[in-house]
Amino acid sequence: MTPAPAFVSYEFADRKELCLSLAAQSSRRVMLVPPLFDEMNRMRKMLVDVMRALETLEVGSIMPDLPGTNESLVPLGLVTLTDWQKAVETCAQQHDISHVASFRGSAVTVTNLRQADHWIFSPVKGATILRTMLRTRVAADKESGQATSLAELTAQAGSGPIELAGNILGSRLFTELNAAEIPDFINQRVVRLESDNKPGDGQIPGSALWLRAEPDDDPAMSSAIARDIASWLE
Amino acid sequence: MQNEVELTPEAAVRAVMRDILGLSEEQVSEFKAETELFGALPELDSMAVAGLLTELEDRLDIMIEDDDVDGELFETFGNLVAFAEMKVTE
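Residues numbered from 1 in each chain as written. Chains lettered and ligands numbered in written order. Predicted model: local features only at pLDDT ≥ 70, side-chain atom pairs only at ≥ 80, totals over all residues. Heavy atoms only, no water.

Colleague: When you look at the overall build of chain A in this model, what are you seeing that I'm missing?
Modeller: Assigned secondary structure in chain A consists of 6 helices and 10 strands. Expected size for 234 residues packed as a compact globule is a radius of gyration near 17 Å; at 18 Å, chain A falls within 12% of this value. For the C-alpha atoms alone, the extent of chain A along its principal axes is close to 55 × 40 × 35 Å. In chain A, buried positions account for 59% of the 234 residues. When contacts within chain A are restricted to residue pairs at least 6 apart in sequence, long-range pairs at least 24 apart make up 65% of them. For chain A, the computed accessible surface area is about 9,800 Å², with 49% contributed by carbon and sulfur atoms. Taken as two groups, the 22 positive and 30 negative side-chain charges of chain A have centres that lie 3 Å from each other. (Helix = DSSP H or I, 4+ residues; strand = E, 2+ residues; numbered from the N terminus. Rg over C-alpha atoms; globule rule 2.2 N^0.38 Å. Buried < 20%, exposed > 50% of the residue type's maximum accessible area, 1.4 Å probe, protein only. Contact = heavy atoms within 4.5 Å. Areas by Shrake-Rupley, 256 points an atom, 1.4 Å probe, with all protein chains shown as cover. Lys, Arg positive; Asp, Glu negative; His and termini not counted. Charge placed at Lys NZ, Arg CZ, Asp CG, Glu CD.)

Structural data, given as structure tokens:
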């Protein structure tokens with residue numbers, strides 16, 4: 001039978017935020033922190049498949065919603081990167097997590113967990129995520145007959161909320177993300193796709209699902225990620 | 001840490017197209033200079049183009065400015081490869 005994840009929660013800023021949880025018959029557990037914005041939607045199915053594959057390898061996993069995303073009741077426009085970092089830290093504390101896997105942009109949200117062991121998949125800095133979203137906005141503006149530029153929009157986002165690719169970002173979230181570099185932890189394993197030539201500690205087969213027009217899955221990639229995480233936990 | 005391997009601009013463009021369109025290695029290896037892109041491939045909408053530009057910047061360590069981007073750039077695979085080759089030598 002395919003194992004079914006359950007919903008659990010963590011309390012942050014007087015609210016409950018949901019997490020998907022898949023317990024396993026073992027003490028080995030990992031928290032998966034999902035990518036940011038659209039990349040989360042495009043990779044969520046693949047990540048839930050990672051959770052299922054981890055369960056078969058006797059590794060329990062938990063995947064929290066960041067405040068303002070997915071099922072969260074907090075409006076995204078009120079959320080800051082500092083909130084995300086504290087939320088991830090709080091979730092890890094409340095669920096007794098010492099091993100954290102982050103994906104793409106979520107690498108910049110796990111920085112409060114300096115002492116944890118980190119598994120990091122294809123990390124990007126915050127500015128890279130924003131750049132794609134800004135370009136989408138420039139293209140949309142162009143279609144409606146308005147000429148905007150990356151520089152203009154960046155300046156605008158620094159002083160007030162901005163709508164980028166269907167997301168309302170407050171100026172603090174934008175500014176913090178724009179400055180957020182890829183972290184470097186004491187204990188970390190950086191894993192990339194085989195087609196990615198940047199330095200890393202391991203490579204897995206698969207494709208960059210965050211680039212797809214529609215959300216998609218990749219069972220082989222999910223299994224490869226789960227196997228890599230399971231052996232890293234040993 | 002594994003050493004960084006030099007990636008040719010053409011290989012990078014091919015890899016990114018493959019990821020955007022969800023193609024196999026064989027399918028994307030059939031892309032030729034004259035293969036039509038924008039308009040011919042429905043998956044390649046403005047959102048996908050935004051992702052493509054940022055991903056090329058990331059993989060080839062280049063910066064693509066607003067002024068660099070025009071309609072012609074995405075007309076064919078050859079145009080995109082030529083553009084990437086020009087940017088890495090800048």
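Colleague: Before we go on, may I ask you to explain the interface of chain A and chain B in this structure?
Modeller: It is common to report an interface's size as the accessible area lost on association of the parts. Contacts between the two partners involve 28 residues from chain A and, on the opposite side, 27 residues from chain B. For the pair chain A and chain B, the summed buried surface comes to about 2,500 Å²; carbon and sulfur atoms form 50% of the total. Among the residues chain A hides against chain B, the three largest losses belong to Arg135, Asn197 and Leu211 of chain A. Together they make up 27% of the total. Between Arg131 of chain A and Glu57 of chain B there is a salt bridge whose closest N-O contact spans 2.8 Å. Across the contact surface, chain A and chain B share 11 residue pairs in polar contact (both at pLDDT 80 or more). Residue assignment for the side of chain A that touches chain B shows that the elements contributing at least two residues are α1 (38-56), α3 (126-143) and β10 (202-204) of chain A. Partitioning the side of chain A that touches chain B into residue classes produces 9 nonpolar, 10 polar and 9 charged. (Buried area = accessible area lost by both parts, 1.4 Å probe. Salt bridge = Lys/Arg side-chain N within 4 Å of Asp/Glu carboxyl O. Polar contact = N/O pair within 3.5 Å; in protein donor to acceptor, adjacent residues only side chain to side chain. Nonpolar A, V, L, I, M, F, W, Y, C, P; charged D, E, K, R; others polar.)

Colleague: In this structure, what is going on with the pattern of salt bridges? I would like to understand it.
Modeller: Side chains that differ in charge, positive against negative, can pair when their charged atoms come close. Counting across every chain of the model gives 22 salt bridges over all chains. Sharing partners across several salt bridges, the network here consists of Lys45, Asp49, Arg52 and Asp217 of chain A.

Colleague: Would you mind showing me how to read a negative patch on the surface here?
Modeller: On the surface, Glu152 of chain A together with Glu65, Asp66 and Asp67 of chain B cluster together into a negatively charged patch. By the secondary structure assignment, Glu152 of chain A is in helix α4 (residues 150-159). Of the residues examined, Glu152 of chain A reaches a relative accessible area of 45% and is grouped as partly exposed. (Patch = residues over 30% accessible without salt bridge, like charges linked within 9 Å, V, L, I, M, F, W, Y side chains within 5 Å.)

Colleague: Looking at this structure, how should I read the pairing of strand β4 (residues 60-64) of chain A?
Modeller: Residues and elements named next belong to chain A. Of all the 5 residues making up β4, 5 are buried; the element is thus mostly covered by neighbouring parts of the structure. With 4 bridges joining them, strand β2 (residues 15-22) and β4 adopt antiparallel strand pairing. Each residue of the ladder has a partner; that of Ser21, found in β4, is Ile62. (Pairing = 2+ DSSP bridges.)

Colleague: I tried to follow the packing of helix α2 (residues 81-94) of chain A against helix α5 (residues 171-179) of chain A on my own but got confused; where do I start?
Modeller: Two numbers describe a pair of packed helices, the interaxial angle and the distance between the axes. Residue and element names in this part refer to chain A. Closest axis-to-axis distance for the α2/α5 pair is 8 Å, and the angle between their directions is 75°. Accordingly, the angle class assigned to the pair α2 and α5 is roughly perpendicular. Across from Leu81, Thr82 and Trp84 in α2, the residues of α5 making contact are Arg172, Leu173, Glu176 and Leu177. The residue inventory of the contact of α2 with α5, partitioned by class, reads 4 nonpolar, 1 polar and 2 charged. (Axes fitted to C-alpha atoms, helices over the stretch in contact; angles between N-to-C directions. Parallel < 35°, antiparallel > 145°, perpendicular 65-115°, else oblique.)

Colleague: Explain the side chain of Thr148 of chain A here, please?
Modeller: All names here are of chain A. Along the chain, the position of Thr148 falls in the loop between α3 and α4. On the basis of relative accessible area, Thr148 is assigned to the buried category, the value being 19%. Reaching out from Thr148, the side chain makes a polar contact with the side chain of Asp141 at a distance of 2.8 Å. Beyond its immediate chain neighbours, meaning those up to four positions away, Thr148 contacts Val138, Asp141 and Leu153.

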